[in-house]
Amino acid sequence: MIRLILVATNIVHNPFILIRFELLWENLLYLLKTKQTYLFNIHLMMAIIEKIGNVRRFLLNQISDLSPEQLNEIPKGFNNNVIWNLAHLVVAQQSLCYLRAGQPVVIDERYMPLYKPGTKPEGLVDAYEIEKIKDMMLSTLDTLKVDYANGVFDNYPVSSIRYGEMASIDDALQYVLFHEGIHFGYIMALKKLL
C-alpha cells in the first residue's frame, strides 16, 4: 500500500505518465466490471438452470407413485397426458437452447417430432421409455450447465417466439423456466384426474 502511494506521488509530477496511468486504470476498471458482469451473469443463469431442475425434481417426485398406465392416461377434456408433458419439457428445452443456437440436441433426435409443440400422444409409452424420459429430465440440465459455462451458446441468434423475442441463451433460459411453470400446472391438473 505504501509503495503504491509513493509510485502514485511520483507519477503526479510527470504528466505523460499520469495520463498513461489513468488510461491503464480505466481499462483495468472496465475489465474488472466486464468480468464481474460476466461472472454475475453465469451465476444468475446457473441459478435459473438450478430452478428448472428444482421444478423437474418436484414434478418427478409428484408422479413417482403413478403407474405407466396412469402416466399414459388422457383424462376427458385433455389432449395429452403426464408422460407427454414431461417429454415435451425436455424437447422444448433442447429446441430453445440448442437448436435455436445452431447446436445439435443432446438427446435422441427421435423425441423431437414426437413431443414438439402442437403434437399429442401417438401411442402408449412403455415403462422403459418412461424411465428414459425421467432420466432426461435431469441429465439434460447437467449437460446444459456445462455447455453454458463453456460458451457453447455464445452466438445465439435473435429469434421470435409466441411470447416475444429471444436475443440470447439467457432469454431462452428464462423462457424455459416460464414454460416449465405452465406445464407444471398442466401436470398437476392431469394428476388430480387420474
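Residues numbered from 1 in each chain as written. Predicted model: local features only at pLDDT ≥ 70, side-chain atom pairs only at ≥ 80, totals over all residues. Heavy atoms only, no water.

Enquirer: Would you mind going over the overall build of the protein chain with me for this structure?
Expert: Of the regular secondary structure elements, the protein chain holds seven helices and two strands. Ordered by position from the N terminus, the helices and strands of the protein chain form the series α-α-α-α-α-α-β-β-α. Taking all 194 residues of the protein chain together, 36% fall into the buried category. Nonlocal contacts in the protein chain, meaning residues at least 24 apart in sequence, comprise 71% of its contacts between residues at least 6 apart. Here the protein chain has roughly 11,800 Å² of accessible surface; of this, 61% comes from carbon and sulfur atoms. (Helix = DSSP H or I, 4+ residues; strand = E, 2+ residues; numbered from the N terminus. Buried < 20%, exposed > 50% of the residue type's maximum accessible area, 1.4 Å probe, protein only. Contact = heavy atoms within 4.5 Å. Areas by Shrake-Rupley, 256 points an atom, 1.4 Å probe, with all protein chains shown as cover.)

Enquirer: Can you walk me through the pattern of salt bridges in this structure?
Expert: Any two side chains of opposite charge can pair if their charged atoms end up close together. Scanning the entire structure with this criterion turns up six salt bridges. Between K145 and E50 there is a salt bridge, and its shortest N-O distance comes to 2.7 Å. Residue K145 is located in helix 6 (residues 127-149), and its partner E50 is located in helix 2 (residues 15-62); the two are separated by 95 residues in the primary sequence. What emerges from the salt-bridge pattern is a single network uniting E50, R57 and K145. (Salt bridge = Lys/Arg side-chain N within 4 Å of Asp/Glu carboxyl O.)

Enquirer: I keep staring at the confidence of the model for the protein chain and nothing clicks. Help me out?
Expert: Low pLDDT means the predicted coordinates in that region are not meant to be read closely. Mean pLDDT over the protein chain: 86, with 79% of residues reaching 70 or higher. Per-residue pLDDT stays below 50 along residues 1-12; that stretch engages in three contacts with residues further than four places along the chain or on separate chains. Every residue in residues 14-21 is under pLDDT 50, and counting partners more than four places away or in other chains gives three contacts. (pLDDT = per-residue confidence, 0-100.)

Enquirer: How should the side chain of N81 be read in this particular structure?
Expert: Mapped onto the elements, N81 comes out in the loop between helix 3 (68-72) and helix 4 (82-97). We classify N81 as buried; its relative accessible area is 1%. Polar contacts involving the side chain of N81 include one to the main-chain carbonyl oxygen of N72, which spans 2.9 Å. (Polar contact = N/O pair within 3.5 Å; in protein donor to acceptor, adjacent residues only side chain to side chain.)

Enquirer: What is the right way to read the environment of Y186 from this model?
Expert: Within the fold, Y186 resides in helix 7 (residues 169-192). Y186 sits in the partly exposed class, given a relative accessible area of 41%. Remark: the alpha-carbon pair of Y186 and N85, spanning 101 residues in sequence, is separated by 7.9 Å.

Enquirer: Where do I start with the packing of helix 4 against helix 7 in this structure?
Expert: Helices that pack against each other are described as a pair by the angle of their axes relative to one another and the distance between those axes. Packing of helix 4 against helix 7 brings their axes to within 10 Å, and their N-to-C directions diverge by 175 degrees. In terms of orientation, helix 4 and helix 7 fall into the roughly antiparallel class. Of the residues in helix 7, those touching helix 4 at V82, W84, N85, L86, H88, L89, A92, Q93, L96 and C97 are I169, A172, L173, Y175, V176, H179, E180, H183, Y186, I187 and L190. Among the residues forming the contact of helix 4 with helix 7, the class breakdown is 15 nonpolar, five polar and one charged. (Axes fitted to C-alpha atoms, helices over the stretch in contact; angles between N-to-C directions. Parallel < 35°, antiparallel > 145°, perpendicular 65-115°, else oblique. Nonpolar A, V, L, I, M, F, W, Y, C, P; charged D, E, K, R; others polar.)

Enquirer: When you look at helix 4 in this model, what are you seeing that I'm missing?
Expert: Side chains that are three or four residues apart share a direction in an α-helix, a result of its 3.6 residues per turn. Here helix 4 spans 23 Å end to end across 16 residues, near enough to the 22 Å set by a 1.5 Å rise per residue. Of all 16 residues in helix 4, 15 are buried; the element is thus mostly enclosed. (Expected span 1.5 Å × (residues − 1).)

Enquirer: Which parts of the structure should I look at to understand the nonpolar core?
Expert: Burial of nonpolar side chains together is a common tendency in soluble globular proteins. Ranked by size, the top nonpolar core spans 48 residues in total, and within it L86, I133 and L173 carry the most contacts. Secondary-structure elements contributing two or more residues to this core are helix 2, helix 4, helix 5 (111-115), helix 6 and helix 7. For this core, the leading source of residues is helix 4, giving 10 residues. Ignoring any residue separated from it by four or fewer positions in sequence, one finds I133 in contact with I83, L86, A87, V90, Y111, Y115 and V125. (Core = buried A, V, L, I, M, F, W, Y, C linked by side-chain atoms within 4.5 Å.)

Enquirer: I tried to follow the side chain of T140 on my own but got confused; where do I start?
Expert: Tracing the sequence through the fold places T140 in helix 6. Classification of T140 by relative accessible area gives buried; the value is 2%. There is a polar contact of 3.4 Å between the side chain of T140 and the side chain of R56.

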